[in-house]
Amino acid sequence: MRVGVVGAGTMGAGVAECLAQAGHDVTVVDPDPQAVDRARARMRDSLRLAILLGRTGGPKPAEVSARVRWTGEMTDLRDTTFVVECAPERIDLKEKLFAELDRLCGPETILATCTSGIPVDRIAASTTRPEQVVGLHFMNPAPLKDTVEVVRGPRTSPHTLDRALALLASLNKTGIVVGDGPGFVLNRVLMLCIAEAAAALDDGVADAETTDALFEGCLGHPMGPLRTADLIGLDNVHDTMTALRELTGDDHYRPPTSLVTLVEAGHLGRKTGQGFHDYR
Ligand code: NAD
């Protein structure tokens with residue numbers, strides 16, 4: 001299948017890799033040439049890592065890379081039959097992109113969003129094909145995560161849902177279908193958990209190491225909430241909380257002081273080497 005990916009950031013690069021690995025022809029659009037360079041490098045490293053980890057059954061890294069075309073032009077998505085949008089978590093931007101995709105793509109094309117929490121129906125409303133819009137909330141790093149939160153908007157058709165689940169099956173991933181609403185299930189819960197963990201830090205109750213050690217040691221979570229935030233990217237966590245607060249009116253989603261301070265300082269978590277924890 002010819003699949004488009006909008007955005008060559010953390011998620012766009014990971015989703016493009018999964019698609020190409022499964023044999024799809026992928027076109028990734030990003031207006032920032034530096035983001036494209038970083039995404040190419042990230043994909044190369046990820047494909048090498050897969051070999052180091054012994055995951056050698058699939059196509060060779062060079063074959064996977066050759067299936068991905070990188071571009072700065074949205075018009076290059078004209079011939080795609082499925083698009084996964086992975087642009088920044090801003091409502092106005094996603095609405096603009098979906099209106100553009102709706103104009104550009106053929107009438108059969110399914111438009112999916114990887115949004116962390118903006119209701120799918122809000123995004124679908126900027127198109128003339130709301131029944132062909134669906135949420136595919138991949139996890140990071142996408143090549144290593146087997147399960148995807150699939151969001152069925154109130155107007156998403158059964159046919160669209162079937163095609164989305166079939167695409168995931170082709171990637172050897174399982175979709176778990178949930179209804180629409182700010183944050184869906186995962187981020188409705190996770191963002192509150194991260195916000196409270198950061199608030200405990202701000203209040204001097206526990207440092208980041210201690211909070212994560214509690215979740216990891218006492219509850220058996222593989223990663224505590226602050227380490228999870230560092231993995232997601234603190235800019236993305238900040239934008240997701242801001243969007244959820246705007247959408248729900250619930251102040252519990254207000255980004256806590258320590259999170260705002262880190263983002264303003266350019267400490268965005270693992271991707272910059274520093275966040276709630278130090279990775280340098
Ligand atoms: P990111 O900031 O790493 O990447 C976003 C990319 O979009 C950047 O490369 C940027 O140049 C590009 N972009 C900006 N404007 C664009 C435009 N007009 N057209 C095309 N590309 C454009 O963000 P990310 O972490 O990859 O997140 C992308 C989406 O996935 C967000 O909606 C986010 O909430 C969601 N998401 C993120 C994670 C995570 O762990 N990071 C997990 C699940 C879902």
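Residues numbered from 1 in each chain as written. Predicted model: local features only at pLDDT ≥ 70, side-chain atom pairs only at ≥ 80, totals over all residues. Heavy atoms only, no water.

Caption draft 1: Here's a closer look at the nonpolar core. Of all hydrophobic cores here, the largest spans 36 residues; its most connected members are Phe 82, Leu 136 and Phe 138. Broken down by element, this core gets its largest block of residues, 7 residues, from helix H1 (residues 10-21). Aside from chain neighbours lying at most four places away, what touches Leu 136 is Phe 82, Ala 112, Thr 113, Cys 114, Val 148, Glu 149, Val 150, Ala 164, Leu 167 and Leu 168. Counting 23 residues, the second-largest nonpolar core is a separate cluster that includes Val 6, Ile 91, Ala 124 and Phe 184. (Core = buried A, V, L, I, M, F, W, Y, C linked by side-chain atoms within 4.5 Å. Buried < 20%, exposed > 50% of the residue type's maximum accessible area, 1.4 Å probe, protein only. Helix = DSSP H or I, 4+ residues; strand = E, 2+ residues; numbered from the N terminus. Contact = heavy atoms within 4.5 Å.)

Caption draft 2: Just unusual backbone geometry, in detail. With an omega dihedral of 0°, the bond running from Asn 140 to Pro 141 counts as a cis peptide bond. In this structure, Pro 141 sits in the loop between strand S6 (133-137) and strand S7 (147-152). Phi is positive for Asn 172, which is not a glycine, with a value near 60°. Inspection of the secondary structure assignment puts Asn 172 in the loop between helix H6 (158-170) and strand S8 (174-179). The residue Phe 184 is not glycine, and still its phi comes out positive at about 50°. One can find Phe 184 in the loop between S8 and helix H7 (186-202).

Caption draft 3: Layout of the pattern of salt bridges. Under the defined criterion, the tally for this structure stands at 14 salt bridges. Among the ionic pairs, Asp 102 bridges to Arg 129, the shortest N-O distance being 2.7 Å. Here Asp 102, found in helix H4 (residues 91-104), pairs with Arg 129, found in the loop between helix H5 (120-124) and S6; they are 27 residues apart in sequence, far enough to count as distant. In this structure Asp 102 comes out as buried when scored by relative accessible area, which is 11%. Lys 271 is paired through a salt bridge with Asp 235; the nearest N and O atoms lie 2.9 Å apart. Linking Lys 271 in the segment after helix H11 (257-264) with Asp 235 in helix H10 (residues 234-248), this pair joins segments that are 36 residues apart in sequence. Put simply, Glu 85, Glu 89 and Lys 94 are held in one network by salt bridges that share partners. (Salt bridge = Lys/Arg side-chain N within 4 Å of Asp/Glu carboxyl O.)

Caption draft 4: Broad picture of the sheet that holds strand S1 (residues 2-6). On the basis of which strands lie adjacent, the open sheet formed by 8 strands has the order S3-S2-S1-S4-S5-S6-S7-S8 and mixed pairing. In this open sheet, the two strands that pair with only one neighbour each are strand S3 (68-71) and S8. Along the sheet, successive strands turn relative to each other by an average axial angle of 25°, direction set aside. Here S1 runs beside strand S4 (residues 82-85); their pairing, made up of 4 bridges, is parallel. Counterpart to Val 5 in the pairing with S4 is Val 84. (Pairing = 2+ DSSP bridges. Axes fitted to C-alpha atoms, helices over the stretch in contact; angles between N-to-C directions.)

Caption draft 5: A look at the site of the ligand. Within the structure, the ligand sits among 26 residues, and Met 11, Asp 30, Glu 89, Lys 94 and Ser 116 are positioned closest to it. A distance of 3.5 Å separates an oxygen atom of the ligand from a polar atom in the backbone of Cys 114. Taking Asn 236, its side chain carries an N or O atom lying 2.9 Å from an oxygen atom of the ligand. Protein chains shield 86% of the accessible area of the ligand, which is 830 Å² for the free molecule. Of all the elements, H4 adds the most residues to the shell around the ligand, at 3 residues. Here the shell around the ligand is composed, by residue class, of 14 nonpolar, 8 polar and 4 charged. (Near = heavy atom within 4 Å. Polar contact = N/O pair within 3.5 Å; in protein donor to acceptor, adjacent residues only side chain to side chain. Areas by Shrake-Rupley, 256 points an atom, 1.4 Å probe, with all protein chains shown as cover. Nonpolar A, V, L, I, M, F, W, Y, C, P; charged D, E, K, R; others polar.)

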